[in-house]
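Breakdown of the fold
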Amino acid sequence: MSLIEVHNVIKNYIDGKNTVEALRGVDIKIETGEFTAIAGPSGSGKTTLLNLIGGLDTVTSGTIKVDDVELSAVSIRRLSEMRLHKIGFVFQSYNLMPVLSALENVEFTMMLQSVPKRERTRRAKEILDKVGLSEHAHRRPPALSGGQQQRVAVARAIVSGPAVVLADEPTANLDSGTGAKLLDLMRTLNKTENMTFIFSTHDPMVMDYATRLIQLHDGAVRSDEMKNSKTAG
Amino acid sequence: MLLRMAWLNIWRNPKRTIILLCSIIVGLVGIIFLMGFIRGWFDAMINKTIRTYEGHMKIMGPGYNENPIIENHMRVTEKTQEWLATDPAISASAERVAVQGLASSAHRSMIVKIIGIDPANERNVSVIADSMRSGKFLDPDERNSIIIGEPLADKLKTGLGKRVVLMSQQLGGQIGSEAFKVKGVFNTGSTAYDEHTVYILKSDAQRMLEFHNRITEIVILLDNIGNSDATAARAVASLDNENLEVLTWKERLPFVTKSIEMSNKSMLFVYAVFYLAMAFGILNALLMSIGERIHEFGVMMAIGTSRSIIVLMILLESVCIATIAVVIGTALGVSLVNFFGKTGMDLSAFAEAMEYIQAENVLYLYVTPSDIAFATIATFLVAILFSFYPAMKASRMRPVDALRKTG
Ligand SMILES: Nc1ncnc2c1ncn2[C@@H]1O[C@H](COP(=O)(O)OP(=O)(O)OP(=O)(O)O)[C@@H](O)[C@H]1O
Ligand SMILES: [Mg+2]
């Protein structure tokens, strides 16, 4: 059993009269500890695939299993719980609750998990320290740079130890230097905590960090290769 | 943390929140003011009647209330006098002889209510002595004087110093008749009353009607209108074998109690309109604020926030708003009512209308704790009820659809 099993997934969007075939039969297995990049041109289905794995959207046909749970077979409530406990998300931008400080944003997930206040503050501080933001813990997102915001989002995604972190173009809104630093951070967490990451990108520099590169094209897997990562320092 | 988020969220668009707050506050002040006004108005209305003629309570001979003829008279016993003197709630009482009769001037005759009084006692229970337009109130030493209502004087074309002949049925069935000299003209402000009422000395009435020392009623004024029922109950208990009827103003004036009940019901409709206006304000503001935050809700759902937490957060936002509005609105509304409760609200400008509704010109507004509880709870209910739709709508979005909304 793999951590994530995507089996023969087809996803069609009905857009008015037209049907858009966003994914046309995708088969992927991902193991714990992988650091996978999903690459491909715009419109190739990267976001669609990540959303399906994260249980944000439903497949047209095929199956997706995360940690041996078949997503299409569970209730909306159960899906929400899966996202809370097993899956971390990092989006391209606007990841954070603007009214909460960095620290509170990280605490938010733990609050949903009913972690006691003391414990969650301690853990949130610890994680912010790990992503190098302890001085900015009390700032609100609008007072943080794009890179800092993404780090907070990564911190929030990993704080409760999910099985996998899904990041949809996490560096797309960052300059290359800042993007590289974020990737360094993710890779370090991947190595030190054995945290599984799947991130999408169309930036070759970002792909360099991956240990596995899946290329999508027109909704199908064109290539899938293990490779050497440009290891973080 | 959710409460904190809700609190912070409502201040993301301070202008909108303040406008919403203002509209709820204005509505609430309006509702509380109306409540106070209605209460003040009814009290003025009741007070007017009580202080003109009715008193808080009356003791009467059996059947007199139903059929006010002199055969249904009463006698004042020692027991009654003792009770009147000792009951703690009674502040004043007066005996009266009240009968229907005919008042005639040189010009014409009119059917009137002839009320025989003891001037000194009557002063304590009614405002008639203070309502003199011209001339003087009755004097116990001046036999066969009469005071008459101003409109009645006009109709009879009579006036101070002139003669008025009263005629009424005696206890034996004969017609008693005596001439009286107009000593004063009164105006209570109620044309209906003044047009048909004359006052003479009780002793004159008793003589004219061959009534000896009988009377028709004892009118009682209490220290507080709220004690009416309890005092009436004590009266019934103390005077149980005296063959008397004890009636509170509520029983004497059933139309007043009825009309209070009815207008309270119709006020509910007015309040409902106020609340509905509030409700749409809340609905509108919430839908707008949620519309601006769809992406954020998408993120919340993506990271595992359940639908119920999202609903709860939105409800908390409107509860926060309602709380602020209720605190400010109630404070303002109650201050306004209290202000007009102390200084009185002078409606002399609308005197004609006020006469029509039989109330005094100055209203003293007040609200009860139950009024405030009603206004407050209803505000919260409206806030919560009308947040449900936007909250459910937000929580039922699919995370993918919510996330696609950028910004
Ligand atoms: N909600 C939708 N309705 C209709 N078509 C959609 C919808 N979402 C995505 N698509 C279509 O599905 C295809 C795959 O889209 P997707 O967003 O997965 O691509 P992507 O690889 O993430 O692209 P990008 O690099 O631009 O983010 C595209 O053709 C897109 O137009
Ligand atoms: Mg995309």
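Structure first, text after, so check above.
Residues numbered from 1 in each chain as written. Chains lettered and ligands numbered in written order. Predicted model: local features only at pLDDT ≥ 70, side-chain atom pairs only at ≥ 80, totals over all residues. Heavy atoms only, no water.

Some thoughts on empty space enclosed by the protein
Our working rule: The rule is simple: put a 1 Å grid over the protein atoms alone, call a set of points where a 1.4 Å probe fits but cannot get out a cavity, call an open set with protein on both sides within 12 Å along at least five of seven lines a pocket, and count a residue as lining if it has an atom within 4 Å of a point. Grid points are joined across faces, edges and corners, and a volume is the space filled by probe spheres set on the points. In this description a helix means any DSSP run of H or I spanning at least four residues, a strand means any run of E spanning at least two, and both kinds are numbered starting from the N terminus. The classification used treats Ala, Val, Leu, Ile, Met, Phe, Trp, Tyr, Cys and Pro as nonpolar, Asp, Glu, Lys and Arg as charged, and all other residues, Gly among them, as polar.
Per the stated rule, a full pass over the model turns up 2 cavities of 30 Å³ or more. Forming the walls of the largest cavity are Arg83(A), Leu84(A), Ile87(A), Gly88(A), Phe89(A), Thr109(A), Arg156(A), Ala157(A), Ser160(A) and Ile303(B). Taken together, the elements giving at least two residues each to the lining of the largest cavity come down to α2 (76-85), β6 (87-90) and α5 (146-158) of chain A. Among the elements that make up the lining of the largest cavity, the one with the highest residue count is β6(A) (3 residues). When grouped by side-chain class, the residues that make up the lining of the largest cavity number 5 nonpolar, 3 polar and 2 charged. One number sums up the size of the second largest cavity: a volume of about 30 Å³. Along the walls of the second largest cavity sit Leu20(B), Ile24(B), Ile282(B), Leu286(B), Ser318(B), Ile321(B), Ala322(B) and Ala383(B), which together make up its complete lining.

Quick word on the pattern of salt bridges
Residue and element names in this part refer to chain B. What counts is decided by this rule: Any Lys or Arg side-chain nitrogen found within 4 Å of a carboxyl oxygen on Asp or Glu counts as a salt bridge. Each residue is assigned to one of three classes by its accessible area relative to the maximum for its type, calculated with a 1.4 Å probe on protein chains only: buried under 20%, partly exposed between the two thresholds, exposed over 50%.
Evaluated as defined, the whole model comprises 34 salt bridges over all chains. Among the salt bridges present, the one from Arg-96 reaches Glu-122, with a minimum N-O distance of 2.8 Å. Taken together, the positions of Arg-96 in strand β2 (residues 90-104) and Glu-122 in helix α4 (residues 119-125) put the pair 26 residues apart, joining distant regions of the chain. One exposure class covers both Arg-96 and Glu-122, and it is buried. Residues joined by salt bridges that share partners form a network here, namely Glu-54, Lys-58, Arg-96, Glu-122, Glu-217 and Arg-252.

Regarding the interface of chain B and chain A
Counted only if it meets this: Here, residues are in contact when the closest pair of their heavy atoms is within 4.5 Å. Once two parts are joined, some of their accessible surface, as seen by a 1.4 Å probe, is lost; buried area is that loss totalled over both.
In this assembly, 24 residues from chain B lie in contact with 26 residues from chain A. Between chain B and chain A, a total of about 2,200 Å² is buried, with carbon and sulfur atoms accounting for 68% of that surface. For the pair chain B and chain A, the interface holds 2 salt bridges. The shortest N-O distance in the salt bridge between Arg398(B) and Asp57(A) comes to 3.1 Å. Taken together, the elements giving at least two residues each to the side of chain B that touches chain A come down to α1 (2-10), α11 (294-302), α12 (307-342) and α15 (399-404) of chain B. Looking at which element gives the most residues to the side of chain B that touches chain A, the answer is α11(B), with 6 residues. Among the residues forming the side of chain B that touches chain A, the class breakdown is 13 nonpolar, 6 polar and 5 charged.

Side note on helix α8 (residues 228-238) of chain B
Residue and element names in this part refer to chain B. Keep this limit in mind: The arc in question is formed by the directions pointing from the helix axis toward the C-beta atoms.
Those residues of α8 lying buried are Ser-228, Thr-231, Ala-232 and Ala-235. Angular distribution of buried residues about the axis of α8 spans 100 degrees; they occupy a single face of the element. Those residues of α8 that are buried lie in contact with β1 (57-60), α3 (78-86), β2, β9 (217-222), β10 (245-248) and α9 (249-252).

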